[in-house]
Amino acid sequence: MTRPFPATPGGTLVLDNEGLAKAVLRDRTVTGWLALARADDLRVTTSAATLVEVVHPRINRPALEWTLSRLVIEPVTEPIARHAAALLADAGLHGHKYAIDAILGATALAATGPTTVLTSDPEDLTALCGSRVTVIKV
């Protein structure tokens, strides 16, 4: 498979809510990223906070559980929470609206790099993480 993406993942691939939801739905683009990650023996992860966002009444729970079984789910530890708060402060953003994005950003920044984040909010993650992670819109 050729890499049809603007950036090549390496180190860690992080899924936000939309990345995870699209993985559950077997979206072609996200499935391609996951296949490349497996082929390159990359770590695929998400934040435990992302689970709160992705679960809704219409989600296919067995498909979600299968997808989650193939990921590393990082806990929201005190250092991650403190780093997320610092990211929010540095970006001039409020935790009420951007808390889970900040937690995901702190999780991505703590991962073994280089790190690529698949997200529906590229502007938010870029504002929080700058150029320290590669942000891809899905």
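Since the model is a prediction, treat every value here as computed from it, not as a measurement.

Digging into the sheet that holds strand 1 (residues 12-15)
Strand order in the open sheet formed by five strands is 3-2-1-4-5, with parallel pairing between adjacent strands. A single partner strand is all that each edge strand has here, and the edge strands are strand 3 (72-74) and strand 5 (134-137). In this sheet, adjacent strand axes meet at a mean angle of 30° when their direction is disregarded. Summarising the sheet, strand 1 and strand 4 (residues 115-119) pair through four bridges and their orientation is parallel. Across the sheet, the residue bridging to Thr12 is Thr115, located in strand 4. Along the sheet, helix 2 (residues 28-39) makes contact with strand 1, strand 2 (43-47), strand 4 and strand 5, crossing strand 1 at roughly 150°.

Some thoughts on the packing of helix 6 (residues 95-110) against helix 7 (residues 122-129)
Each packed pair of helices is defined by two parameters, the angle between the axes and the distance between the axes. Remark: helix 6 packs on helix 7, axes separated minimally by 9 Å, with the N-to-C direction vectors making an angle of 55°. In terms of orientation, helix 6 and helix 7 fall into the oblique class. Seen along the crossing, helix 6 lies across helix 7 with a hand that is right-handed. On helix 7, the residues that touch Tyr98, Asp101, Ala102, Leu104, Gly105 and Leu109 of helix 6 are Asp124, Leu125, Leu128 and Cys129. Counted by class, the contact of helix 6 with helix 7 contains seven nonpolar, one polar and two charged residues.

Notes on the pattern of salt bridges
Taken as a whole and judged by the stated rule, the model has three salt bridges. The partner of Arg61 in a salt bridge is Glu65, with the nearest N and O atoms 3.8 Å apart. One end of the pair, Arg61, and the other, Glu65, are both in helix 4 (residues 61-69), four residues apart, so they sit about a helical turn from each other. Taking the relative accessible area as the measure of exposure, Glu65 reaches 42% and is therefore partly exposed. Arg82 is the salt-bridge partner of Glu78, the closest N and O atoms lying 2.8 Å from each other. With Glu78 and Arg82 both in helix 5 (residues 78-91), this residue pair falls four residues apart, about one helical turn.

Calculation criteria
Residues numbered from 1 in each chain as written. Predicted model: local features only at pLDDT ≥ 70, side-chain atom pairs only at ≥ 80, totals over all residues. Heavy atoms only, no water. Pairing = 2+ DSSP bridges. Helix = DSSP H or I, 4+ residues; strand = E, 2+ residues; numbered from the N terminus. Axes fitted to C-alpha atoms, helices over the stretch in contact; angles between N-to-C directions. Contact = heavy atoms within 4.5 Å. Parallel < 35°, antiparallel > 145°, perpendicular 65-115°, else oblique. Left-handed = near helix turned anticlockwise from the far one by under 90°. Nonpolar A, V, L, I, M, F, W, Y, C, P; charged D, E, K, R; others polar. Salt bridge = Lys/Arg side-chain N within 4 Å of Asp/Glu carboxyl O. Buried < 20%, exposed > 50% of the residue type's maximum accessible area, 1.4 Å probe, protein only.

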